[in-house]
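One letter stands for each residue in the lines below.
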Amino acid sequence: MSIVTVFKFDGLSDPWQVAKLLNKHKKDDFWLTAFVSKYNRNEVVVNYMFYEDVEEGIKRVFDENESIEIVSYLKQNGKSRVLKRVYCFINLMMKTLEVYTGSETKLNEIVATFEEVLKARFTRVVVSPKELQTIYTNHSNELKQVMFKNVEGLFYEILRGKYLESNEKFKKYMEEFPESLRVISFRPRIKFWNGNNRYQVTLNGDKGTLRFSSPNEEFDFRPRIEIRQLTFLIAATLGFLG
C-alpha cells in the first residue's frame, strides 16, 4: 500500500528559486536533485537520494530465513548497499509539500532538510471531521470505510461496506459522534489518467496521509496528475491555496 504525506507551508513563492536552493544540496548520507516540473510551473520536483544497507532493506520484505539467503548472495556479489529515492513535490500555488514514503524516520529527515535549506516551516496537514465529510460528500464516488476515534470506549471504531454514505448505521454514528470521524476510505471523483478508477484512497485526518490500494491489483503510486488532484481538493477544502 502506497503512502503520500501532505504538509503545508507559507512564505515560498518562486519555484525557480526553490529548485535552485534544493538542487545538488548534499550531505554525507544523502543528496537532492530538484527542478521545476515541465507539466506545472508552480511545482518543484525533488528527488531525495540515499543509500540503504542491503540487509536492512531485505529484512523489511522477507522473513528471516529468506533474508539470510538473499543478503548472503548479494554480499558475495559485492552488493552491500542499494540506492534509494524518495519523490517529493513542492507546489507553490497549493502551498503543499508531498512526500512519497511511509517511513516516519525518512519523512522527518526530509522535512528537516527542506526547512533548513528553504528557511520555511512545513507542518502536517490536519483534516477536521467536518472537512473529511466535505471531501467524501463532494469528491467521492463511493465511501468504502470510515474510522471513528474514541467512540463508546473503543479507541477506534471501524465501519466498512459499499456506499457507506447511504448506510443507516454510518448515518447514526455521524449524528451521535460527528467530531470523532478521523479516517475515510473512498473512491475519488477525479480525472483518471488511464481509466482505472476502481482503486480507493484512505485519508487520515490526524496524520495527513493518503494511502492507495486496490482490490484487483498491486501498484506503487498513481500517476502524478491523479495525486495532484487529490492534494488540490484537500488544499481547497482546508482553504490554504496560494
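Summarised in this report is the structure supplied together with it. (Residues numbered from 1 in each chain as written. Predicted model: local features only at pLDDT ≥ 70, side-chain atom pairs only at ≥ 80, totals over all residues. Heavy atoms only, no water.)

As for the pairing of strand β5 (residues 81-91)
Summarising the sheet, strand β4 (residues 43-53) and β5 pair through 11 bridges and their orientation is antiparallel. Each residue of the ladder has a partner; that of Y51, found in β5, is L83. Sheet topology note: the β5/strand β6 (residues 96-99) ladder contains four bridges and is antiparallel. Counted as the bridge partner of I90 is L97 from β6. What sits between the antiparallel neighbours β5 and β6 is a turn of four residues, in which K95 has the positive phi angle 60 degrees. (Pairing = 2+ DSSP bridges. Helix = DSSP H or I, 4+ residues; strand = E, 2+ residues; numbered from the N terminus.)

Digging into helix α5 (residues 129-138)
Among the residues of α5, those classed as buried are P129, E131, L132, I135 and Y136. Here the buried residues of α5 occupy an arc of 160 degrees about the axis, which is enough to place them on one side. Lining the buried residues of α5 we find β8 (140-151), α6 (168-176), β10 (181-188), β11 (200-204) and α7 (224-238). (Buried < 20%, exposed > 50% of the residue type's maximum accessible area, 1.4 Å probe, protein only. Arc of directions from axis to C-beta. Contact = heavy atoms within 4.5 Å.)

Describing the nonpolar core
Ranked by size, the top nonpolar core spans 38 residues in total, and within it V146, F148, I184, L203 and L210 carry the most contacts. Looking at this core, the elements that each hand over two or more residues are β1 (2-9), α5, β8, α6, β10, β11, β12 (209-213) and α7. Among the elements that line this core, the one with the most residues is α7, at six residues. Excluding residues that lie within four positions of it along the chain, L210 makes contacts with S2, I3, V4, V6, V201, T202, L203, L230 and I234. (Core = buried A, V, L, I, M, F, W, Y, C linked by side-chain atoms within 4.5 Å.)

Here we look at the packing of aromatic side chains
Two descriptors summarise a pair of aromatic rings, namely the distance from one centre to the other and the angle between the planes of the rings. Overall, the coordinates contain 12 aromatic pairs when judged by the stated rule. Sitting above the plane of the F50 ring, K106 keeps its charged end 3.9 Å from the centroid. Lying over the aromatic face of F89, R224 brings its terminal NZ or CZ to 3.9 Å of the ring centre. (Phe/Tyr/Trp six-rings, centres within 6.5 Å; stacked < 30°, edge-to-face > 60°. Lys NZ or Arg CZ within 6 Å of the ring centre and 35° of its normal.)

Quick word on the packing of helix α1 (residues 15-22) against helix α4 (residues 104-118)
With their axes 10 Å apart at the nearest point, α1 and α4 run at an angle of 110 degrees to one another. For the element pair α1 / α4, the angle class is roughly perpendicular. Crossing hand, α1 versus α4: right-handed. From α1, V18, L21 and L22 reach across to α4, where they touch F114, V117 and L118. Its residues placed into classes, the contact of α1 with α4 shows six nonpolar, no polar and no charged. (Axes fitted to C-alpha atoms, helices over the stretch in contact; angles between N-to-C directions. Parallel < 35°, antiparallel > 145°, perpendicular 65-115°, else oblique. Left-handed = near helix turned anticlockwise from the far one by under 90°. Nonpolar A, V, L, I, M, F, W, Y, C, P; charged D, E, K, R; others polar.)

Looking at α6
Taken as a whole, α6 has its buried residues at F170, Y173 and M174. Buried residues of α6, viewed axially, fall in a sector of 100 degrees; they line one side. Turned more than 90 degrees away from the buried face of α6, the exposed residues are E168 and E175. Two or three places before K169, at the start of α6, stands the capping residue N167, its side-chain oxygen 2.8 Å from that residue's backbone nitrogen. (Polar contact = N/O pair within 3.5 Å; in protein donor to acceptor, adjacent residues only side chain to side chain.)

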